[in-house]
Amino acid sequence: MDKHLQIVGLRIGRETLGIPISLVREIVRVPEVTPVPNAPPYIEGVINLRGRIIAVMDLGKRFGEPAVERSSKSRIVVVELEERFVGLLVSSASEVLKIAPSEIEAPQNVFPDEDMNYVTGVGKLNGRLIILLDLSRIFQRAELQRLKVVAELAGTSLEAGASGLR
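What counts, and where the lines are drawn
Residues numbered from 1 in each chain as written. Predicted model: local features only at pLDDT ≥ 70, side-chain atom pairs only at ≥ 80, totals over all residues. Heavy atoms only, no water. Helix = DSSP H or I, 4+ residues; strand = E, 2+ residues; numbered from the N terminus. Buried < 20%, exposed > 50% of the residue type's maximum accessible area, 1.4 Å probe, protein only. Contact = heavy atoms within 4.5 Å. Areas by Shrake-Rupley, 256 points an atom, 1.4 Å probe, with all protein chains shown as cover. Phe/Tyr/Trp six-rings, centres within 6.5 Å; stacked < 30°, edge-to-face > 60°. Lys NZ or Arg CZ within 6 Å of the ring centre and 35° of its normal. Pairing = 2+ DSSP bridges. Polar contact = N/O pair within 3.5 Å; in protein donor to acceptor, adjacent residues only side chain to side chain. Patch = residues over 30% accessible without salt bridge, like charges linked within 9 Å, V, L, I, M, F, W, Y side chains within 5 Å. Salt bridge = Lys/Arg side-chain N within 4 Å of Asp/Glu carboxyl O. Lys, Arg positive; Asp, Glu negative; His and termini not counted. Charge placed at Lys NZ, Arg CZ, Asp CG, Glu CD.

**Considerations on the overall build of the protein**
- Counting its regular elements, the protein contains four helices and 11 strands.
- For the protein, the residues scored as buried account for 41% of the 166 residues in total.
- Long-range pairs, those at least 24 residues apart, make up 57% of the contacts in the protein between residues at least 6 apart in sequence.
- A total accessible area of about 9800 Å² is found for the protein, and carbon and sulfur atoms account for 50% of it.

Next comes the structure, spelled out in structure tokens:
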């Protein structure tokens, strides 16, 4: 029996990407994002999600594409990588998709360029192509640490600002 791969479908513009459901903690509407000075250009800022400060990355910008155009369908997909939470700003997030292993094309057959090492395959589902991503390859360890520092610094400054209002 084929064990289907369960992924969460994300859209950036017209592209459909897929990430393993096991990494997704939640999907939320885009709240107000607080910009962080001197953050990398693909970092939109931080959000406060039930008391936890989370850095938000524009996934389109991270791939060198135009910024995600915000609309009522835009979402932040909160993922957990190496015990750190990161928010991914996407055009939309769909339901859980199930793809049979026989419907996944190996990445080297599609993308011979080593710069695309974060693609684990291309899935075919109902006539659509879904680019499967390995988030741990997109976020190098140093980058994850930097996102953590951005969130911590923003959290400290937000707490200081709140205590100054009392």
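Having seen it, we continue.
**With respect to the packing of aromatic side chains**
- All chains considered together, the criterion is met by one aromatic pair.
- Centre to centre, the rings of Phe-63 and Tyr-118 are 5.2 Å apart; their planes meet at 20 degrees, and the pair counts as stacked. One end of the pair, Phe-63, is in the loop between α1 (59-62) and β6 (75-81); the other, Tyr-118, is in the loop between α2 (107-110) and β10 (119-125), with 55 residues separating them in the sequence.
- The exposure class assigned to Tyr-118 is buried, which follows from its relative accessible area of 18%.
- Arg-62 extends its terminal NZ or CZ atom over the ring of Tyr-42, reaching a point 5.3 Å from the ring centre.

**Topic: the sheet that holds strand β11 (residues 128-133)**
- An order of β8-β1-β2-β11-β10-β9 is seen for the six strands of this open sheet, with the pairing classed as mixed. Both edges of this open sheet fall to β8 (92-99) and β9 (104-105), since each of them pairs with a single strand only.
- Sheet analysis places β10 next to β11, joined by six bridges and oriented antiparallel. When the bridges of β11 are listed, Leu-125 appears paired with Arg-128.

**Considering the side chain of Ser-74**
- As for its placement among the helices and strands, Ser-74 is situated in the loop between α1 and β6.
- Since its relative accessible area comes to 2%, Ser-74 is described here as buried.
- Here the side chain of Ser-74 touches Glu-69 through a polar contact of 3.4 Å, landing on its backbone oxygen.
- Looking at Ser-74, its side chain comes within polar contact range of the main-chain nitrogen of Ser-71, at 2.8 Å.
- Setting aside residues up to four positions removed in sequence, Ser-74 forms contacts with Arg-29, Val-30, Glu-69, Val-90 and Ser-91.

**Some words on the environment of Val-33**
- By the secondary structure assignment, Val-33 is in the loop between β3 (24-29) and β4 (43-49).
- Sequence-wise, Val-33 and Ile-54 are 21 residues apart; in three dimensions their C-alpha atoms are separated by 9.9 Å.
- In this structure, Val-33 is in contact with Glu-44, Gly-45, Val-46, Ile-47 and Arg-70, ignoring residues within four places of it in sequence.

**What about a positive patch on the surface?**
- Together, Arg-11, Arg-14, Lys-73 and Arg-128 line one region of the surface with positive charge.
- The residue Lys-73 is located in the loop between α1 and β6 in this model.

**Describing the pattern of salt bridges**
- For the structure on display, the rule yields four salt bridges.
- For Glu-80, the salt bridge goes to Arg-25, with nearest N and O atoms at 2.8 Å. Placement of Glu-80 in strand β6 and of Arg-25 in strand β3 is noted, with a sequence separation of 55 residues between them.
- Since its relative accessible area comes to 23%, Glu-80 is described here as partly exposed.
- Between Glu-26 and Arg-50 there is a salt bridge; the shortest N-O distance is 2.4 Å. In this pair, Glu-26 sits in strand β3 while Arg-50 sits in the loop between β4 and β5 (52-58), placing the two residues 24 residues apart along the sequence.
- Members of the salt-bridge network, linked through shared partners, are Glu-44, Lys-61 and Arg-70.

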